[in-house]
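Listed here are the chains, written in short residue letters.
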Amino acid sequence: MILRSKDVLGLEDLAAEEILGVIDIASRFRAVFDRPVRSVPIMRGRTVVNFFHEPSTRTRISFELAEKRLSADIVNFSTATSSLSKGETLRDTAENLAAMKIDMLVIRHSSSGAARYLANVLACSVINAGDGAHEHPTQGLLDIMTMRQRLGDLRGRKVTIIGDITHSRVARSNIWGLTKLGAEVTVCGPPTMVPSGLDKLGVRVEYDLMRAVADADVLNVLRIQLERHASRSFPSNREYHRMYGISADVVKKLKPEAFIMHPGPMNRDVEIASEVADGPRQVILDQVANGVAVRMALIYLLSGGDPGALAPAAAQA
Ligand code: CP
């Protein structure tokens, strides 16, 4: 058994072997993408509910595609179209869904801890699709898969996470997952966007961008999460770009083989210059493609799928 829990709520909860096991299965599903028929009938008769309380393009559609490619029955709903907008509690809503006999709930919510709260209430599996500034485990897994495809074993590899660390659930999932796999993680951003105490998680904190990127194998550039800022943490977008944006000049200072990731959605010409976002060093759309495979793997494993029933990938991520 690859996953010990019925739920996937954060990479803090997963052991290194679980992370690597999920990525191995995701690599097998990724191989299916290049076939003319991309779906497999292994979740036929199972029902997954996608419960999104915050806007999403990549994660929502990626989960939906993953579920469709596994032949699951899918129900999508959002706050605006549910009785949550009439004042029903999250717990009552979830318990009503469970009474309709669902097999899995995928939840995105603006409150940290919402996924864990529902996982404790519901008998079915819960997957966290991003909860507040806490964790975004499927993004962390797809980021790690993308890094391993290029770097192999991540032990001793240098990953620099740049930007709005304080408000980023992507940063937290990356930090938990990467440090468990032995990567050397540096976080970099303005002091107003880097929380104190991160050194306790085993990461190096660097406020100077050039020092943070000089020896990096990978840059993971974060979106500035303006919707989570109580007050502005930097003078202007232009100032942020000048101090912490990944521009063509910054890219010139990187190691020749270093590559650039971004979870999306991007603020072009703020945290990343458009020419870098479209340039030869970025792997952003590979991240997106790996996201579907990672979500297929999680849904398959949480549903009791047998890893041995899937053909090994030709080249393991
Ligand atoms: N990376 C990510 O979570 O993107 P969405 O907000 O579009 O899902």
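Scroll up for the structure.
Residues numbered from 1 in each chain as written. Predicted model: local features only at pLDDT ≥ 70, side-chain atom pairs only at ≥ 80, totals over all residues. Heavy atoms only, no water.

## Examining the site of the ligand
Thought 1: The ligand sits among Ser56, Thr57, Arg58, Thr59, Arg108, His136, Gln139, Pro263 and Gly264.
Thought 2: With respect to the ligand, the side chain of serine 56 contributes an N or O atom lying 2.6 Å from an oxygen atom.
Thought 3: Against a free-state accessible area of 250 Å², the protein chains account for coverage of 91% of the ligand.
Thought 4: In terms of residue class, the shell around the ligand is made up of 1 nonpolar, 6 polar and 2 charged. (Near = heavy atom within 4 Å. Polar contact = N/O pair within 3.5 Å; in protein donor to acceptor, adjacent residues only side chain to side chain. Areas by Shrake-Rupley, 256 points an atom, 1.4 Å probe, with all protein chains shown as cover. Nonpolar A, V, L, I, M, F, W, Y, C, P; charged D, E, K, R; others polar.)

## Side note on the nonpolar core
Thought 1: If you look at the biggest cluster of nonpolar residues, it comprises 61 residues, and the most contacted ones within it are Phe29, Ile161 and Val187.
Thought 2: Viewed by domain, this core spans two of them, domain 1 (16–134 + 287–309) and domain 2 (137–284), each represented by three or more residues.
Thought 3: Setting aside chain neighbours within four positions, we find valine 187 in contact with Ile161, Ile165, Ile175, Val194, Leu198, Val203, Arg204, Val205 and Glu206.
Thought 4: Of all hydrophobic cores here, the second largest spans 24 residues; its members include Leu209, Val213, Leu219 and Ala277. (Core = buried A, V, L, I, M, F, W, Y, C linked by side-chain atoms within 4.5 Å. Buried < 20%, exposed > 50% of the residue type's maximum accessible area, 1.4 Å probe, protein only. Domains from an automatic or database assignment. Contact = heavy atoms within 4.5 Å.)

## Let's talk about the environment of glutamine 149
Thought 1: For glutamine 149, the position within the fold is in helix 5 (residues 137–151).
Thought 2: Among the residues examined, glutamine 149 registers a relative accessible area of 33% and is labelled partly exposed.
Thought 3: Linking glutamine 149 and serine 27, residues 122 residues apart in sequence, is a C-alpha distance of 9.3 Å. (Helix = DSSP H or I, 4+ residues; strand = E, 2+ residues; numbered from the N terminus.)

## Observations concerning the packing of aromatic side chains
Geometry of an aromatic ring pair is reported as the spacing of the ring centres plus the angle between the planes.
Thought 1: If you walk through the whole model with that rule in mind, you get 3 aromatic pairs.
Thought 2: A ring pair is formed by phenylalanine 29 and tyrosine 300, whose centres lie 5.5 Å apart and whose planes are at 80 degrees; its orientation type is edge-to-face. Taken together, the residues span a long stretch of sequence, with phenylalanine 29 in helix 1 (residues 16–32) and tyrosine 300 in helix 11 (residues 284–302) at a distance of 271 residues. As far as burial versus exposure is concerned, phenylalanine 29 and tyrosine 300 are alike and both buried.
Thought 3: With 4.5 Å between their ring centres and 35 degrees between their planes, phenylalanine 51 and phenylalanine 77 make a pair best called tilted. A residue pair is termed long-range when its members are at least 10 positions apart, and phenylalanine 51 in strand 1 (residues 47–52) and phenylalanine 77 in strand 2 (residues 73–78) qualify at 26 residues. Residue phenylalanine 51 shares its accessibility class with phenylalanine 77, and that shared class is buried.
Thought 4: A cation over an aromatic ring shows up here: arginine 69 above the ring of phenylalanine 33, its NZ or CZ 5.0 Å from the ring centre.
Thought 5: In this structure, arginine 295 packs its charged tip against the face of phenylalanine 63, placed 5.1 Å from the ring centre. (Phe/Tyr/Trp six-rings, centres within 6.5 Å; stacked < 30°, edge-to-face > 60°. Lys NZ or Arg CZ within 6 Å of the ring centre and 35° of its normal.)

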